[in-house]
There are 2 protein chains.
Amino acid sequence: MSTMRDVARLAQVSTATVSRVINSPDSVRGKTRKKVLRAMKMCNYKYNALARGFATKKSNTIGLIIPNINNPVFAESTLGVQEYADEKQIKVILGNTSYKVSQEESLIKALRESQVDGLIITTTNPKGEIIKTLITEKIPFVLLFSTVKGGPVSVVGVDNYRGGYIATEHLISLGHNRIGMIAGSFSVTDRSYHRWHGYRQCLKDHGIPYNKNLLVQTGYSLSGGRDSIKQLLNQELSPSAVFCSNDYIALGAIKGAREAGLSLPEDLSIVGFDDMPTASYMVPALTTIRQPAYDMGKRACELLLQKMENPGKPEQHMMETKLVVRESTAAPQEVKTDKSENYWTSSDPRTNYIL
Amino acid sequence: MSTMRDVARLAQVSTATVSRVINSPDSVRGKTRKKVLRAMKMCNYKYNALARGFATKKSNTIGLIIPNINNPVFAESTLGVQEYADEKQIKVILGNTSYKVSQEESLIKALRESQVDGLIITTTNPKGEIIKTLITEKIPFVLLFSTVKGGPVSVVGVDNYRGGYIATEHLISLGHNRIGMIAGSFSVTDRSYHRWHGYRQCLKDHGIPYNKNLLVQTGYSLSGGRDSIKQLLNQELSPSAVFCSNDYIALGAIKGAREAGLSLPEDLSIVGFDDMPTASYMVPALTTIRQPAYDMGKRACELLLQKMENPGKPEQHMMETKLVVRESTAAPQEVKTDKSENYWTSSDPRTNYIL
DNA sequence: CCTCTTTATGTAAACGTTTACATTTTTTAG
DNA sequence: CTAAAAAATGTAAACGTTTACATAAAGAGG
């Protein structure tokens, strides 16, 4: 491999000039520029960005940390940051934590050693030491899908509380009053915790008593949703509607419900959260709370790059969340408006399925 | 930020010794090692992997190029390479081509400039110049999901021809004889081209005449599948079964078919290709040709690292493909063969659902 | 206690750029 | 045509490691 020195020698100029034709071509006379360009061709010169990074202390690389690339919503946000980064000639190193804090930690360490210029983190550990360290050491970073609203960190997120609230409200407006929730484990991430808060508050605001048996926490996986719905359905008073704290879980839940013999949305309404790309392709098409994952990724990247140039104040970008009604929700079969009637004594033949 | 020199000064040793306690601790006496370690703590030393990469000409980074991270099968394979790389302390830079050759080209260029130690490419351009260049310039790389079977390149793939064949054979064995195919555009990738070949040969081997109107090529997207199925269904003699060249397209096709008023699998059988993680969660659960995407990613990474150490001969790893029968395929309603019996007169209670 | 071997440490160049500063060349204008 | 200003180019140090080689220290055997 030839270096700048080789090119310089061949073109009979200094390495500085070669560097200049690469980085600021206008600052060198047309004649010499051509000479250099020709020499570069001749010795098949390949630019070494790593050496540049070393010299300038900028790697033009950022790290992107997500819990699980298999969750379509993270794939979508990843695409957002990627495409923006690409536009700006920034490379992105991807890391998967599998929702493990230790993994998140070691990834951040490795990425910092690699001298990434910044970090975009969909964290599993929002209050953790890790983040604090990043702050005190002044590493540019932004938290994606973050729940933190104030504070000294840059963030792009969504109001999860509100999302949970409007999801629940939708269900209530349809006439449901036994509304369950399948949440990703609160100990793993606090996104679903906030969504649960919204859910709970909405119930309260509508005079529906909260029943803790109607909440189940599970892993952020397809099978998590599938197992959990069965657990919910096995209760004596099973829910007529369930809010799942993400679409991926909802997909599992729908599968589980069908396996239990229910047909949706007649026997059970499901609302998800995310609006992943396939949500409208599901059967039934999923009613969900949309968060603009692609744009969020893009925004996060934009914010980060800007922050890298010019640290400035931390910025919080809270994106709009909105209810997308599709086919997975409907009015419950028997609306129990007045308290006199007992839901479970209903003679609906479908109750057979609930076992 | 403190450097090795700072540490060395503080510990009153040479930088070489500091380097040694990091890279081969056993080669330095316990006493000095401790001294150095203490000094590292004291000045909060952070290792600079970029400088190391510069000095050693190894970045400990590989590039992973895929067409579209949103396709779950690529996400899954990405996870495979990631986790293996992680184990070996290798960072992976991810690039999306959106199935554009030009993008693939520029990504490869950028990654090479960044001095990645190797490349894993799910290419959109299998015979292209790009690959040839990589060979002549001796860049370690492996092609993932590649169709090339022989030749001078390392590869992990699957026999796409055979996959297409067994998918079609399944449909034929069910009694179908008007079998369509929705293929990803042949000009974009040749994976679906090979699958189509298998499909076509299978038809031929079973005495079913090939009808070119039953093939539609489309984009590798959900909407591609959805639009294409409608096109197929609008024909005078529409197919009773369709082979989709991947699950992502199949998901779109199922949606389209439902929108056209069909119920699956009674009115139309669909078989996909990939077995993406959500395939068994779809409704109907997708019958498909499984390729072990995670393992393929892992294998590709393993192969690459090994190749990086020791170039050696190119290796071809062809993984097993297998038919996974689920719910999206069934016998056609009226069997077109001359056999006297008509399927749809069967008293199978399931037909109740077909409305 | 001395020599020989082994083990631990130090020295200094190298990796391929960038860049502040110095120097040369070109341009401008009188 | 010349001096001053402006533009182009050159010089050389710096970035933070690694590593071949040289040197010094420690251990072994007599």
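Quick note: structure is the one above.
Residues numbered from 1 in each chain as written. Chains lettered and ligands numbered in written order. Predicted model: local features only at pLDDT ≥ 70, side-chain atom pairs only at ≥ 80, totals over all residues. Heavy atoms only, no water.

### Notes on helix α1 (residues 4–11) of chain A
All names here are of chain A. Buried within α1 are the following residues: Met4, Val7, Ala8 and Ala11. Looking straight down α1, one finds its buried side chains confined to an arc of 100 degrees; they lie on one side. In α1, the exposed residues that point more than 90 degrees away from the buried face are Arg5 and Arg9. Lining the buried residues of α1 we find α2 (15–23) and α3 (30–42). Its side-chain oxygen placed 2.9 Å from the backbone nitrogen of Arg5, Thr3 serves as the N-cap of α1. Positive backbone phi, at 60 degrees, marks Gln12, one or two positions downstream of α1. (Buried < 20%, exposed > 50% of the residue type's maximum accessible area, 1.4 Å probe, protein only. Helix = DSSP H or I, 4+ residues; strand = E, 2+ residues; numbered from the N terminus. Arc of directions from axis to C-beta. Contact = heavy atoms within 4.5 Å. Polar contact = N/O pair within 3.5 Å; in protein donor to acceptor, adjacent residues only side chain to side chain.)

### Section: the interface of chain B and chain A
In this assembly, 49 residues from chain B lie in contact with 50 residues from chain A. Between chain B and chain A, the buried area comes to about 4,200 Å², and carbon and sulfur atoms account for 60% of it. For the interface between chain B and chain A, the tally reads 2 salt bridges. Here Glu137 of chain B and Lys46 of chain A are joined by a salt bridge, their closest N and O atoms 3.4 Å apart. Along the contact surface separating chain B from chain A lie 17 residue pairs in polar contact (both at pLDDT 80 or more). Looking at the side of chain B that touches chain A, the elements that each hand over two or more residues are α4 (49–56), α5 (72–87), β2 (91–96), α6 (101–113), α10 (222–233) and α11 (247–259) of chain B. (Buried area = accessible area lost by both parts, 1.4 Å probe. Salt bridge = Lys/Arg side-chain N within 4 Å of Asp/Glu carboxyl O.)

### A word on the layout of surface pockets
Taken as a whole, the second largest pocket holds about 1,600 Å³ of empty space. Gln115 of chain A together with Met1, Lys46, Tyr47 and Asn48 of chain B are the residues nearest the centre of the second largest pocket, which is lined by 45 residues in total. Of all the secondary structure elements, the ones that give two or more residues to the lining of the second largest pocket are α4 (49–56), α6 (101–113), α7 (129–136) and α12 (293–309) of chain A together with α1 (4–11), α2 (15–23) and α4 of chain B. Sort the elements by how many residues they give to the lining of the second largest pocket and α4 of chain B lands first, with 6 residues. (1 Å grid on protein atoms, 1.4 Å probe; cavity = no way out; pocket = protein on both sides within 12 Å on 5 of 7 lines; lining within 4 Å. Points joined across faces, edges and corners; volume = space filled by probe spheres on them.)

### What about the packing of helix α5 (residues 72–87) of chain A against α12 of chain A?
Residue and element names in this part refer to chain A. Contact geometry for α5 and α12: axes closest at 7 Å, N-to-C directions at 40 degrees. With respect to each other, α5 and α12 are oriented oblique. Two packed elements cross with a definite hand, and for α5 against α12 that hand is right-handed. Two secondary-structure elements touch here, α5 through Val73, Glu76, Ser77, Leu79, Gly80, Val81, Glu83, Tyr84 and Ala85 and α12 through Ala293, Tyr294, Gly297, Lys298, Cys301, Glu302 and Leu305. (Axes fitted to C-alpha atoms, helices over the stretch in contact; angles between N-to-C directions. Parallel < 35°, antiparallel > 145°, perpendicular 65-115°, else oblique. Left-handed = near helix turned anticlockwise from the far one by under 90°.)

### Focus on the packing of aromatic side chains
Applying the stated criterion across every chain, the model contains 19 aromatic pairs over all chains. When the centroid spacing of 4.6 Å and the interplanar angle of 25 degrees are considered together, the rings of Phe54 of chain A and Phe54 of chain B count as stacked. Here Phe54 of chain B lies in helix α4 and Phe54 of chain A lies in helix α4, a pairing that spans two chains. Residue Phe54 of chain A is classed as partly exposed on the basis of its relative accessible area, which comes to 36%. (Phe/Tyr/Trp six-rings, centres within 6.5 Å; stacked < 30°, edge-to-face > 60°.)

### Some details on the protein's contact with DNA strand D
The local shell around DNA strand D holds 29 residues, among which Arg20 and Thr32 of chain A together with Ser19, Tyr45 and Tyr47 of chain B are the closest. Take Arg29 of chain A: an N or O atom from its main chain is 2.9 Å from a phosphate oxygen of DNA strand D. Take Ser19 of chain B: an N or O atom from its side chain is 2.3 Å from a phosphate oxygen of DNA strand D. The set of elements that each furnish at least two residues to the surface near DNA strand D consists of α2 and α4 of chain A together with α1, α2 and α4 of chain B. Broken down by element, the surface near DNA strand D gets its largest block of residues, 5 residues, from α4 of chain B. Here the surface near DNA strand D is built from residues that sort into 12 nonpolar, 11 polar and 6 charged. (Near = heavy atom within 4 Å. Nonpolar A, V, L, I, M, F, W, Y, C, P; charged D, E, K, R; others polar.)

### Some thoughts on the sheet that holds strand β9 (residues 269–274) of chain B
Residues and elements named next belong to chain B. Taking strand neighbours across the sheet as the criterion, the 6 strands line up as β7-β6-β8-β9-β10-β12 in an open arrangement whose pairing is mixed. Here the strands that pair on one side only, and so sit at the sheet edges, are β7 (215–218) and β12 (322–324). The average angle at which neighbouring strand axes cross in this sheet is 20 degrees, direction not considered. For strand β6 (residues 179–184) and strand β8 (residues 241–244), the ladder comprises 4 bridges, and the chain directions are parallel. (Pairing = 2+ DSSP bridges.)

### Comments concerning the nonpolar core
Of all hydrophobic cores here, the largest spans 153 residues; its most connected members are Ile270 of chain A together with Ile270 of chain B. If we skip the residues at most four places from it in the chain, Ile270 of chain B touches Ile229, Val242, Cys244, Ala250, Ala253, Ile254, Leu264, Leu286, Thr287, Ser328 and Thr329 of chain B. (Core = buried A, V, L, I, M, F, W, Y, C linked by side-chain atoms within 4.5 Å.)

### Here we look at a positive patch on the surface
All names here are of chain A. Side chains of Arg29, Lys31, Lys34, Lys35 and Arg38 sit close together on the surface and give a patch of like positive charge. Tracing the backbone through its elements, the reader meets Arg29 in the loop between α2 and α3. Assessed through its relative accessible area of 58%, Arg29 is described here as exposed. (Patch = residues over 30% accessible without salt bridge, like charges linked within 9 Å, V, L, I, M, F, W, Y side chains within 5 Å. Areas by Shrake-Rupley, 256 points an atom, 1.4 Å probe, with all protein chains shown as cover. Lys, Arg positive; Asp, Glu negative; His and termini not counted. Charge placed at Lys NZ, Arg CZ, Asp CG, Glu CD.)

### Brief notes about empty space enclosed by the protein
Space left empty within the atom packing is revealed by a probe, the size of a water molecule, rolled over the atoms. Here the structure, examined in full by the defined rule, presents 8 cavities of 30 Å³ or more. If you add up the space inside the second largest cavity, you get close to 130 Å³. Looking at the second largest cavity, it is lined by 16 residues, and the ones nearest its centre are Asn70 and Pro72 of chain A together with Asn70, Pro72 and Thr278 of chain B. Mapped by element, the contributors of at least two residues to the lining of the second largest cavity are α5 of chain A together with α5 of chain B. Taken together, the residues of the lining of the second largest cavity break down into 11 nonpolar, 5 polar and no charged.

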